[in-house]
Every structure is written in structure tokens, then in C-alpha cells.
Amino acid sequence: MARVTTGRGRPTLNERAENLRELMDDPDCDPDRLRATLERFTLVNRLIAAWGTVYRTRVRPALATAPGPVRLLDIGCGGGDVLRGLVARARADGFDVTGVGIDPDERSLAVARAARPVPRIEYRLTDSTRLADSGERFDVTLSSHVMHHLTPAELCTVLEDSARLATRLALHSDIARSRLAYAAYAVGITPLAPGTLLRTDGLRSIRRSWTPTELAGLVPEGWLVERPAPFRILAVRNLAA
């Protein structure tokens, strides 16, 4: 898709910039800046990703229907902070939970494995299709900020894989593309960005992200698209119904 800009050269965000590449997706990107980016996602996700809301409204009710120990799967887990946070919330609510994070990028897994260890959380170098084909199952499957990295065909594959892997709930969280999200992020991320890829890649992420209408037109049958918080978008499939 061609880049769409205003007369001053700024992106309009009217269309998704699918061909715009993020620096972290380059195998040769600066390893120190990549590591710093993945480590700082812990704070960034806490500030903007609304996982507390998603846990309360979606994940916890799904776990509550399980008769025994539960399992969470984070697809494209990156540095693993989202998975660790959800496992901590679930354990605080009394659930007997284990977590698995998967990622096809060893650089991301190295950061996840170097973080403070959490009992019964493991990280694997694999992808959703290979894991689904293995027959393994989880109560809840999820991803955070993965959808915007994908083409429409790849998006449908990951959604379908996550539904195959889940017995109760599959959900995928991302930022929703808008001019306001772009402007707010450009200003708000500046204090956290030095030494990282957060500003450049974050703005590119927003330009690559889907609007709710776009995503609703792409998801397979049985999926819902929700807005759990400002600037956020959520693809949800309830498998237990």
C-alpha cells in the first residue's frame, strides 16, 4: 500500500501503512536498543495497554469456569511482561495457573528469559501454527501488540491458530489507529524513548495498526472486535460458549 501523506509530508493515518517496516523487525537492528525497548515495554504496557481491564472483564471470567488448574498462552510474547503480569493477577485471585510464552525471535526470548524468573512460566522458540499442530491446549490464548505486525492473511492464521489452541477464550490486544492516538503517543513516549526504539517503532506501529472497522471486516467467523479502553482494540473469541 502506498504511503498517504498530507501536503506537509505527515502521515494522514487514513489508510493502514502495511508496507512500513518497524526497526525491531529487522534482524540486523541494534541489539542494545532492541533489548532496551523490550525491557521498557514492561512500563509502556502498564501505562497504555489496558491489560488490567481486559483481565477483569475477559480473562478472569474465563478462568473462573475452569474446574482445576489453568494454562495461559502468550503468542508473540516478546519480553514476556504481559504474560508475567497476567499470571500474577490470576494467582492473586487464587487461580492455580501456569504460563507459556512463545515467540519466533530468539532475541525476544533472550530478554524474557533474562527477566526476573516467575515459577511455572516458560518461554519457547516456536510459532502458533506449529504449537497448534502439536495438539497442545490452553484455557486462554492471547497476544499483545502482535496484530499490527501481520498481513491480513497472517492475521487470520494467527487468530485461527489461537482458537485451535484455546479451550475457553482467545483474545488479541493492540492499539487502534487514529490521529489522536498518534499525536498522544508522540508526546507521551518521549521521556521513555532515549536509548530505545520506542518512539520510531511506536509511531510506525500506530500507522500499521487496524481501525475497529477494518479489523471487524477481517476476523474469521465467530470473532468479535471490541474497544476495551481509549486507543485500544481487542479481537475476542469465546470458545466455552
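Structural notes, computed from the coordinates. Since this is a predicted model, take the numbers as computed values, not measurements. (Residues numbered from 1 in each chain as written. Predicted model: local features only at pLDDT ≥ 70, side-chain atom pairs only at ≥ 80, totals over all residues. Heavy atoms only, no water.)

1. Here we look at the overall build of the chain
- Helices and strands together make up the secondary structure of the chain, namely nine helices and seven strands.
- Relative to the 2.2 N^0.38 estimate, which gives 18 Å for 241 residues, the radius of gyration of the chain is 17 Å and therefore close to what a compact globule would have.
- Taken over the C-alpha atoms alone, the chain extends approximately 60 × 40 × 30 Å along its principal axes.
- Look at the contacts in the chain between residues 6 or more apart in sequence, and 75% of them connect residues 24 or more apart.
- If you sum the accessible surface of the chain, you get close to 11200 Å²; carbon and sulfur atoms cover 54% of it.
- Treating the 34 positive side-chain charges of the chain as one cloud and the 29 negative ones as another, the clouds have centres 6 Å apart. (Helix = DSSP H or I, 4+ residues; strand = E, 2+ residues; numbered from the N terminus. Rg over C-alpha atoms; globule rule 2.2 N^0.38 Å. Contact = heavy atoms within 4.5 Å. Areas by Shrake-Rupley, 256 points an atom, 1.4 Å probe, with all protein chains shown as cover. Lys, Arg positive; Asp, Glu negative; His and termini not counted. Charge placed at Lys NZ, Arg CZ, Asp CG, Glu CD.)

2. Things to note about the pattern of salt bridges
- A complete count under the given rule lists 15 salt bridges for this structure.
- Among the salt bridges present, the one from Asp133 reaches Arg164, with a minimum N-O distance of 3.1 Å. With Asp133 in helix α5 (residues 128-133) and Arg164 in helix α6 (residues 152-165), this residue pair connects regions lying 31 residues apart in the sequence.
- Given a relative accessible area of 53%, Asp133 falls into the exposed group. (Salt bridge = Lys/Arg side-chain N within 4 Å of Asp/Glu carboxyl O. Buried < 20%, exposed > 50% of the residue type's maximum accessible area, 1.4 Å probe, protein only.)

3. Section: helix α8 (residues 198-208)
- Most of α8 sits out of view: eight of its eleven residues are buried.
- Residues of α8 that are buried: Leu198, Asp201, Gly202, Leu203, Ser205, Ile206, Arg207 and Arg208.
- Tucked inside the fold, the buried residues of α8 contact α1 (31-48), β5 (166-175) and α7 (179-188).

4. Things to note about the packing of α1 against helix α3 (residues 81-92)
- Close contact between α1 and α3 brings their axes to 9 Å; oriented N to C, the two are set at 55 degrees. With respect to α3, the element α1 is oriented oblique. Contacts from Phe41, Thr42 and Asn45 in α1 reach Asp81, Val82 and Arg84 in α3. (Axes fitted to C-alpha atoms, helices over the stretch in contact; angles between N-to-C directions. Parallel < 35°, antiparallel > 145°, perpendicular 65-115°, else oblique.)

5. Focus: the environment of Met147
- Of note, Met147 is situated in the loop between β4 (138-144) and α6.
- Along the chain, Met147 and Ala235 lie 88 residues apart, while their C-alpha atoms are 9.4 Å from each other.
- Beyond its immediate chain neighbours, meaning those up to four positions away, Met147 contacts Arg16, Leu155, His172, Ser173, Asp174, Trp210, Leu215, Ile233 and Ala235.

6. Remarks on the pairing of strand β3 (residues 121-125)
- With five bridges connecting them, strand β2 (residues 97-103) and β3 associate as parallel partners. Each residue of the ladder has a partner; that of Ile102, found in β3, is Arg124.
- Handedness of the crossover joining β2 and β3 through helix α4 (residues 106-114) is recorded here as right-handed. (Pairing = 2+ DSSP bridges. Right-handed = clockwise from strand over helix to strand, strands pointing away.)

7. Things to note about the packing of aromatic side chains
- What the rule picks out here adds up to zero aromatic pairs.
- Over the ring of Trp210 we find Arg16; its NZ or CZ atom is 3.7 Å from the centre of that ring. (Phe/Tyr/Trp six-rings, centres within 6.5 Å; stacked < 30°, edge-to-face > 60°. Lys NZ or Arg CZ within 6 Å of the ring centre and 35° of its normal.)

8. Thoughts on a nonpolar patch on the surface
- Together, Leu43, Leu47 and Ile48 line one region of the surface with nonpolar side chains, adding up to about 250 Å² of accessible area.
- By secondary structure assignment, the location of Leu43 is in helix α1. (Patch = residues over 30% accessible without salt bridge, like charges linked within 9 Å, V, L, I, M, F, W, Y side chains within 5 Å.)

9. Remarks on the sheet that holds β5
- One open sheet holds the seven strands; their spatial order is β3-β2-β1-β4-β5-β7-β6, and the pairing between them is mixed. With partners counted over all chains shown, the strands left at the sheet margins are β3 and β6 (224-226), one partner each. Each strand of the sheet is rotated relative to its neighbour by a mean of 20 degrees, with strand direction disregarded.
- Running over the sheet, α3 touches β1 (70-75), β2, β3 and β4 and is turned about 170 degrees from β2.

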